[in-house]
Amino acid sequence: MASPVATSSATAESPHELRLGFSDSFIPADRMQRAINADYWHTPSPSSAVEGMPVDEADAFLRQYERSLYSHIYNTGHFFVEYQYRLTHVVSGGIDANMAAIGATCKVTDGYNTVKANYRNHIYVWSALPTVRFCYLEHPHIRLYLSLGLGYTSYVGTWDNSRILRHGVGLNVTLLGVQVGGKHVFGGVDLGAFNAWYATPSAMQWMPFSRMLSASIGCRF
């Protein structure tokens, strides 16, 4: 471990840190496909719903009937930028800002399987989290730390032609952070988790597996 004198000197010379990073969502596309289409697969087929109906009533029912099928589903993972100011050789504070997006194409059909509407859906998750970091091991070329971020997050976009806006609380925990490099430039890996709580619980279904494993590059100045 570096001596207290060397650490204090390094802190005084380069107290600022800025890094850019990315984390995959770790939600497989096929799992997202099944989850987002759960209502579709559990909706009775139009043919079974009109059994026994008079022809005119059945025709009217089938024309008004709607089912939505989602495809081309994507999840970008999280892109983030973090700034830290080192207060002591152990503690630093700053802010973490990150963005993620999910989307899908939706096809709405009637009981005759005629397309009634097509939608291109996009949802964006934005977060700004004040973050405290604790560095518990430092060598000239490696640092180990843990951190906790808690702050504001929003969920905004359009889904099936409806405007969506949610506000909530975001939490990001780094259980193990590793930075390797020189005095001013480094690369890092974080192991942790990001989650968010909104007024609408359904908005949480894409969050639990976010930022479990992050990679970043950064500089100190």
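Our subject is the structure listed above.
To start, this report covers the structure provided alongside it. (Residues numbered from 1 in each chain as written. Predicted model: local features only at pLDDT ≥ 70, side-chain atom pairs only at ≥ 80, totals over all residues. Heavy atoms only, no water.)

**Considering a nonpolar patch on the surface**
(1) Moving on: Together, Val90, Val132, Phe134, Tyr136, Leu146, Leu175, Leu176, Val189, Leu191, Met212 and Leu213 give the surface a local cluster of nonpolar side chains, amounting to about 900 Å² of exposed area.
(2) Moving on: Within the residue set of the nonpolar patch, elements represented by two or more residues are β4 (115–139), β6 (162–181) and β7 (185–198).
(3) Moving on: Among the elements that make up the nonpolar patch, the one with the highest residue count is β4 (three residues).
(4) Moving on: Mapped onto the elements, Val132 comes out in strand β4.
(5) Moving on: With relative accessibility at 37%, the residue Val132 sits in the partly exposed group. (Patch = residues over 30% accessible without salt bridge, like charges linked within 9 Å, V, L, I, M, F, W, Y side chains within 5 Å. Areas by Shrake-Rupley, 256 points an atom, 1.4 Å probe, with all protein chains shown as cover. Salt bridge = Lys/Arg side-chain N within 4 Å of Asp/Glu carboxyl O. Helix = DSSP H or I, 4+ residues; strand = E, 2+ residues; numbered from the N terminus. Buried < 20%, exposed > 50% of the residue type's maximum accessible area, 1.4 Å probe, protein only.)

**Quick look at the nonpolar core**
What tends to happen in soluble globular proteins is that the nonpolar side chains get buried as a cluster.
(1) Moving on: The biggest cluster of nonpolar side chains holds 13 residues, and the ones touching the most others in it are Tyr70, Ala104, Ile123, Tyr155, Trp159 and Ile164.
(2) Moving on: Looking at this core, the elements with two or more residues in it are β2 (67–86), β3 (91–109), β4 and β5 (142–159).
(3) Moving on: Per-element accounting of this core gives the leading share, five residues, to β3. (Core = buried A, V, L, I, M, F, W, Y, C linked by side-chain atoms within 4.5 Å.)

**As for the pattern of salt bridges**
(1) Moving on: All told, the structure shown has nine salt bridges when counted by the stated rule.
(2) Moving on: Across the salt bridge formed by Asp190 and Arg19, the nearest N and O atoms sit 2.7 Å from each other. Of this pair, Asp190 sits in strand β7 while Arg19 sits in strand β1 (residues 16–23); the two residues are 171 residues apart in sequence, bridging distant segments of the chain. A single burial state applies to Asp190 and to Arg19, both of which are buried.

**Focus on the side chain of Thr109**
(1) Moving on: Relative to the elements of secondary structure, Thr109 occurs in strand β3.
(2) Moving on: Leaving out residues up to four positions away in the same chain, Thr109 has contacts with Tyr65, Glu66, Arg67, Thr114, Val115 and Lys116. (Contact = heavy atoms within 4.5 Å.)

**Regarding the pairing of β3**
(1) Moving on: The pairing of β2 with β3 spans 16 bridges and is antiparallel. In the strand pairing of β3, Tyr83 is matched with Ile95.
(2) Moving on: Remark: four residues form the turn of the hairpin made by β2 and β3, two consecutive strands paired antiparallel.
(3) Moving on: Pairing of β3 with β4, which is carried by 19 bridges, proceeds in the antiparallel orientation. Of the residues in β4, the one forming a bridge with Val108 is Ala117.
(4) Moving on: The antiparallel hairpin formed by β3 and β4 contains five residues in its connecting segment, where Asn113 sits at a positive phi of about 65°. (Pairing = 2+ DSSP bridges.)

**Quick notes on the pairing of β6**
(1) Moving on: Alignment of β5 against β6, held across 17 bridges, turns out to be antiparallel. Each bridged residue has a counterpart across the sheet, and for Tyr145 the counterpart in β6 is Gly177.
(2) Moving on: Between β5 and β6, which pair antiparallel one after the other, the connecting turn spans two residues, and Asp160 there sits at a positive phi close to 50°.

**Concerning the packing of aromatic side chains**
(1) Moving on: With the rule as written, the count across this model stands at three aromatic pairs.
(2) Moving on: Measuring from centroid to centroid gives 4.9 Å for Phe22 and Phe79, while their planes differ by 50°, and the two rings are tilted. Within this pair, whereas Phe22 is found in strand β1, its partner Phe79 is found in strand β2, the two being separated by 57 residues in sequence.
(3) Moving on: Centre to centre, the rings of Tyr70 and Trp159 are 5.8 Å apart; their planes meet at 25°, and the pair counts as stacked. Linking Tyr70 in strand β2 with Trp159 in strand β5, this pair joins segments that are 89 residues apart in sequence.
(4) Moving on: Above the face of the Tyr145 ring, Arg133 is positioned so that its terminal group lies 4.4 Å from the ring centre.
(5) Moving on: Residue placement shows Arg211 over the ring face of Phe80; its charged tip is 3.9 Å from the ring centre. (Phe/Tyr/Trp six-rings, centres within 6.5 Å; stacked < 30°, edge-to-face > 60°. Lys NZ or Arg CZ within 6 Å of the ring centre and 35° of its normal.)

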